Number of protein chains: 2
Amino acid sequence: MKTKVSLLLTGSELMNGDVVDTNSVLFAEQLNNIGLSIDKKVTIGDEQELLATEILQLSQTSDLLFINGGLGPTTDDLTAEVVATACNSKLELNKDAHQHLKTWAKRRNTTLNQPNLKQAYLPKNSNIIANRTGSAVGFSVELNQCLIICTPGVPSELAHMLREEITIILKTRFVPPQYNTLHRLHLFGIGESSIQALINDHLPAWPNEITIGFRAAMPILELKLAVNCQQGQKLLPEWLTKIKLLLGAHILAEGDNGNSTLADYLVPQLIRAHQKITVAESCTGGLIASQLTSISGASAVFEAGYVTYSNEMKTKMLGVPTSTLINHGAVSKETVIAMATGALANSGADFTIAVSGIAGPNGGTKDKPVGSVWIAWGDKSNIQAKYYCINVARKQFQHIVAARSLDLVRRMLIQSNEMAHYDK
Amino acid sequence: MKTKVSLLLTGSELMNGDVVDTNSVLFAEQLNNIGLSIDKKVTIGDEQELLATEILQLSQTSDLLFINGGLGPTTDDLTAEVVATACNSKLELNKDAHQHLKTWAKRRNTTLNQPNLKQAYLPKNSNIIANRTGSAVGFSVELNQCLIICTPGVPSELAHMLREEITIILKTRFVPPQYNTLHRLHLFGIGESSIQALINDHLPAWPNEITIGFRAAMPILELKLAVNCQQGQKLLPEWLTKIKLLLGAHILAEGDNGNSTLADYLVPQLIRAHQKITVAESCTGGLIASQLTSISGASAVFEAGYVTYSNEMKTKMLGVPTSTLINHGAVSKETVIAMATGALANSGADFTIAVSGIAGPNGGTKDKPVGSVWIAWGDKSNIQAKYYCINVARKQFQHIVAARSLDLVRRMLIQSNEMAHYDK
């Protein structure tokens, strides 16, 4: 029978619109990894009576109840108290929690004050759950045959506690561990429907035991292969190999949740290859350079970027001939190739990217509508250029152009002949 | 008596971690604006029985219940059906909804198919709520003296419906409209506790009728002044003037929700002043340029940006003397002033920014730890530089440096002598 899981999120900041709840995603991901899923989420502000009533009700309908938030030292942190009320018990000094706080204070060369000490008082019969970084320990209690697990609201503390402590507790109680696996492929340059069509055409015998799912982590697409039975577990390696062959150069990486930009994949690849890259940007205005340099270690592969927003600067900084700009316009194959060539020569890098386009909302013409962009990329021996029309809002346009540019270099670097189908 | 408001969010994508719920924020903001607030949120997947039970329960404890999502044409869109079940009634063809769908299809030069037509079937006695863009109309019904309002899950459709339709319905039923106001000031360069201290010291007679609240919309801080009574409404203009005088140059703008970067404020200001800006970036690697150029109309104020990540490129692209780099290092007052001067000369801009720092996690030394940064800014007649140590994660460091750099130019442009207190 399915384990019934509820999640109670607390905190007035979640009610008044000041904070977006991202902790739910952490819960869902970690639970999914061990084959559990959340059936109901409830969010309530810091209201003692409402919280206690809700905990009691949820404990009656769930096998597992997570409470998130309200473990801090201040008076609006109510979780321990309302759990005790729901359990019809009292708060008492928990020795393990007290020890944790003493160690925590010692590491900070400070002493415990009264508000901190409050965090050592937990409902009777609580088991504490370690918190590696923060002062608030987690704790679990049983009520109405439901396991209640109380967790900190700070996302980094929660993420660590879920991964390192809670999933281990849950595995022993709720999950037959060996049969549950979630395997992710991070993809770019191919869409969901194209992947589904490829599988239908080339892997028609795809086994039912391996469920295919997708997660759009813009601009990255994640393909999730989930199994939850012994047979699925047995089949997974073989079918994983097959689908990896099928998807080829569209695969950025495999493993945990994906990254936020293509630079997260390209920079390590350039570091491994001992190759440097430069960028000449018009319509993206520095976004590609900033994505590359947001990655730790970027200085090994990136020395110079040229943001040439005006025609004059394309000529002055990159040597684009005035005649090219006059004859073909700033948004043209000739201009981006001249930009890419100039950046390569000036910087001494191995790879180059140049982009010029119309980000909008103004500046479009009949021939070159808003969304038009030319991307040039290559190395000393081979600079290519491609035209795309990406008619979306300005900032989104800039992000898509950056992603495609970096992906084109990534494909060149792995010497892939496989073309991306960015528009599908 | 306070209007009790509940929000039921539906959709399996909200349960499995694939989607972060941002619609809650839209609800909270629009309700806040008219003096209402949400007491309880419940999130459930596309499960018919669970949804119907929850709607019935929430209707018994709420004056107003919003349901979000599940209005689409597919079989997992269950809202109309489960509301009908909860009301113990049936779905019937709603003439207004049918007319909306016919108009919607006509605008798209298409005809209604069977799945679309499903959207015209609503619970008996529903009143429809217009949806300007999508096929799904909203609708309201009464149950247990609770007004149930069903809304689309697509954020842009929801935002429009809340703003243009629903708040008007609510104002007539729940809110004494003339007494509720929320006024926002967008701030940068001063923290919450400093503002509170300033008010305590300089405006000790601050009236109870005007509630002060904050919203951290990183990197912007919003100060929210809320009134919900006639006396507060009367006092607001006078005290708003006083607090604006007190906060002076820390105020970026006033009005609706804030923007995402300092560039959103600086670019319009530069456009109005007919002034151009250039940037020379080391540790921010193009981020400042990309924030400036993410704003529509940036081409009027921005022509060139120099991403000089290596020492060699600082010399080659900006003319920073090799001796300066050797004697003072890349992260020094002398280097950033030379970078700023070089960028100004090369670009012909009116204002300049240069930054050089150690974004980390590697590269720090005892003298210049990770988080060290020099920012230079100014115009032809006056280039200044300041040192900060901002010891946070790499990407956050880059965003904070970008925000402070743009803010320093903003203050110069309004000729403010008021110094920012970025670290408080």
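All chains use their own residue numbering, which begins from 1 and follows the written sequence. Lettering of chains starts at A and numbering of ligands starts at 1, both following the order in which they are written. Two thresholds apply to this predicted model, a pLDDT of at least 70 for residue-level local features and 80 or more for giving and counting side-chain atom pairs, whereas whole-chain, interface and lining totals are computed over all residues. Heavy atoms throughout the structure, all of them, feed into the side-chain values; hydrogens and water do not.

1. Describing the side chain of Ser135 of chain A
All names here are of chain A.
- Inspection of the secondary structure puts Ser135 in the loop between strand 6 (127-129) and strand 7 (138-143).
- A polar atom in the side chain of Ser135 sits 3.0 Å from the side chain of Gln119.
- Apart from the residues within four sequence positions on either side, Ser135 is in contact with His100, Leu101, Trp104 and Gln119. Segments assigned H or I by DSSP are reported as helices when at least four residues long, segments assigned E as strands when at least two residues long, and all are numbered from the N terminus. As used in this structure description, the phrase polar contact means that two N or O atoms lie within 3.5 Å; if the pair is within protein, one of them must be able to donate a hydrogen and the other to accept it, and residues adjacent in sequence are counted only when both atoms belong to side chains. Here, two residues are considered to be in contact whenever any of their heavy atoms come within 4.5 Å of each other.

2. Some thoughts on the domain arrangement of chain A
Residue and element names in this part refer to chain A.
- Along its sequence, chain A is organised into domain 1 (5-175), domain 2 (178-254) and domain 3 (263-413).
- What counts as a domain boundary in this text is fixed by an automatic or database domain assignment. One C-alpha centre belongs to domain 2, the other to domain 3, and the line joining them spans 32 Å.
- The interface of domain 2 with domain 3 comprises ten residues on the first partner and six residues on the second.
- Here domain 2 and domain 3 share an interface that buries about 670 Å² over both sides, 62% of which is from carbon and sulfur atoms.
- Just to be clear on terms, a salt bridge is a Lys or Arg side-chain nitrogen sitting within 4 Å of an Asp or Glu carboxyl oxygen. Remark: the boundary between domain 2 and domain 3 carries zero salt bridges.
- Summed over the shared surface of domain 2 and domain 3, the result is five residue pairs in polar contact (both at pLDDT 80 or more).
- Among the elements that make up the side of domain 2 that touches domain 3, the one with the highest residue count is strand 12 (residues 251-254) (three residues).
- Residue type decides the class: Asp, Glu, Lys and Arg count as charged, Ala, Val, Leu, Ile, Met, Phe, Trp, Tyr, Cys and Pro as nonpolar, and the leftover types, Gly among them, as polar. Partitioned by chemical class, the residues of the side of domain 2 that touches domain 3 number seven nonpolar, three polar and no charged. When two components associate, each loses some accessible surface as probed by a 1.4 Å sphere; the sum of these losses over both components is called the buried area.

3. Focus: the interface of chain A and chain B
- On the side of chain B, 62 residues touch chain A, which itself brings 62 residues to the contact.
- Between chain A and chain B, the buried area comes to about 4500 Å², and carbon and sulfur atoms account for 50% of it.
- Contact with chain B buries surface across chain A, with Met15, Lys41 and Glu303 of chain A losing the most and accounting together for 13% of the total.
- Counting across the chain A and chain B interface gives two salt bridges.

4. Details of helix 8 (residues 230-247) of chain A
Residue and element names in this part refer to chain A.
- Along its 18 residues, helix 8 runs 26 Å from first to last C-alpha, staying within 8% of the 26 Å computed at 1.5 Å per residue.
- To get the bend at a given residue, fit one axis to the seven residues ending there, fit another to the seven starting there, and take the angle between those axes. Roughly 45° is the biggest bend found in helix 8, and it falls at Leu236, with proline Pro237 one to four residues downstream.
- Looking one or two residues past helix 8, Gly248 carries a phi angle of roughly 45°, positive in sign. Expected helix span is computed as 1.5 Å times (number of residues minus one).

5. Overview of the sheet that holds strand 10 (residues 211-217) of chain A
All names here are of chain A.
- A pair of strands counts as paired when DSSP detects no fewer than two bridges linking them. With antiparallel pairing, four strands are arranged side by side in an open sheet as 10-11-9-12. The strands lining the two open edges of the sheet, one partner per strand, are strand 10 and strand 12. Averaged over all neighbouring strand pairs, the angle between strand axes comes to 25°, with direction disregarded.
- When strand 9 (residues 181-187) meets strand 12, the two strands line up antiparallel, connected through three bridges. The partner of His186 across the bridge, within strand 12, is Ala253.
- To get an axis, fit a line to the C-alpha atoms, keeping to the stretch in contact for a helix; angles then go from 0 to 180 degrees between the N-to-C directions. Packed on one face of the sheet, helix 8 meets strand 9, strand 11 (220-227) and strand 12 and runs near 155° to strand 11.

6. A word on the sheet that holds strand 9 (residues 181-187) of chain B
Residues and elements named next belong to chain B.
- Taken together, the four strands give an open sheet; going across it, the order is 10-11-9-12, and neighbouring strands pair in antiparallel fashion. Here the strands that pair on one side only, and so sit at the sheet edges, are strand 10 (211-217) and strand 12 (251-254). Neighbour-to-neighbour, the strand axes of the sheet open up by a mean angle of 25°, direction not taken into account.
- Examined bridge by bridge, strand 9 and strand 11 (residues 220-227) share seven bridges and lie antiparallel to one another. Residue pairing for strand 11: Thr181 is matched across the bridge by Val227.
- Strands strand 9, strand 10 and strand 11 of the sheet are contacted by helix 7 (residues 192-202), whose axis makes an angle of about 160° with strand 10.

7. Observations concerning the relation of the copies chain A and chain B
- Least squares is used to superpose the copies, and the fit set is the C-alpha atoms of residues whose pLDDT is at least 70 in both copies. Least-squares fitting of chain A to chain B yields an RMSD of 0.4 Å, with the superposition described by an axial translation of 0.3 Å and a rotation of 180°. The superposition of one copy onto the other is thereby described by a two-fold rotation axis.
- Taken together, the interface assignments show that 100% of the residues at the interface of chain A recur at the interface of chain B, consistent with an identical surface on both copies.

8. So, the packing of helix 11 (residues 311-318) of chain A against helix 13 (residues 333-347) of chain A
Residues and elements named next belong to chain A.
- One way to put it is that helix 11 packs onto helix 13 with a least axis distance of 9 Å and a crossing angle of 35°. The element helix 11 and its partner helix 13 pack so that their crossing is left-handed. Facing helix 11, whose interface residues are Lys314, Met317 and Leu318, helix 13 presents Thr335, Ala338, Met339, Gly342, Ala343 and Asn346.
- Of the residues that constitute the contact of helix 11 with helix 13, the class distribution is five nonpolar, three polar and one charged. Crossings are assigned a handedness: left-handed for a near helix turned anticlockwise from the far helix by less than a right angle, right-handed for a clockwise turn.

9. Structural notes on unusual backbone geometry
All names here are of chain A.
- For the peptide bond that leads from Gly360 to Pro361, omega is 0°, which places it in the cis range.
- Note that Pro361 resides in the loop between strand 15 (351-357) and strand 16 (372-379).
- A positive phi angle, near 55°, is found at Asn88, a position not held by glycine.
- Summarising the element assignment, Asn88 is placed in the loop between helix 3 (79-86) and strand 4 (91-93).
- One non-glycine residue, His274, lies in the positive phi region at around 55°.
- Tracing the backbone shows His274 in the loop between helix 9 (263-273) and strand 13 (277-281).
- Here His274 falls in the exposed class, since its relative accessible area comes to 69%. The buried label applies to any residue whose accessible area, calculated with a 1.4 Å probe on protein chains only, is under 20% of its type's maximum; exposed applies above 50%, and partly exposed to all values in between.

10. Points about the packing of aromatic side chains
- Paired rings are identified among Phe, Tyr and Trp, the last through its six-membered ring, by centres lying within 6.5 Å, and are further divided according to the angle between planes into stacked (under 30 degrees), edge-to-face (over 60) and tilted (the rest). Applying the stated rule across the entire model yields twelve aromatic pairs over all chains.
- On the basis of an interplanar angle of 75° and a centroid distance of 5.9 Å, the ring pair of Tyr309 of chain A and Phe302 of chain B is categorised as edge-to-face. Placement of the pair is Tyr309 of chain A in the loop between strand 14 (302-308) and helix 11 and Phe302 of chain B in strand 14 (residues 302-308), with the two residues belonging to separate chains.
- Taking 5.7 Å as the distance between ring centres and 65° as the angle between the ring planes, the aromatic pair formed by Tyr388 of chain A and Tyr422 of chain A counts as edge-to-face.

11. Points about the state of the cysteines
Residue and element names in this part refer to chain B.
- Pairs of cysteine sulfur atoms within 2.5 Å are identified as disulfides in what follows. Within the structure shown, the criterion is met by zero disulfides over all chains.
- Take Cys389: it sits in no disulfide, and the sulfur closest to it among the cysteines is that of Cys283, at 12 Å.
- For Cys389, a relative accessible area of 39% corresponds to the partly exposed category.

12. Side note on the pattern of salt bridges
- In the structure shown here, the tally under the stated rule is 19 salt bridges over all chains.
- Arg184 of chain A is the salt-bridge partner of Glu222 of chain A, the closest N and O atoms lying 2.7 Å from each other. Of this pair, Glu222 of chain A sits in strand 11 while Arg184 of chain A sits in strand 9, and the two are 38 residues apart along the sequence. Both residues of the pair, Glu222 of chain A and Arg184 of chain A, count as buried.
- For Asp407 of chain B, the salt bridge is made with Arg410 of chain B, and the minimal N-O distance between the two is 2.8 Å. Of the two residues, Asp407 of chain B and Arg410 of chain B both sit in helix 14 (residues 394-413), three residues apart, roughly one turn of that helix. An identical accessibility class is assigned to Asp407 of chain B and Arg410 of chain B; each is buried.
- What emerges from the salt-bridge pattern is a single network uniting Asp407, Arg410 and Arg411 of chain A.

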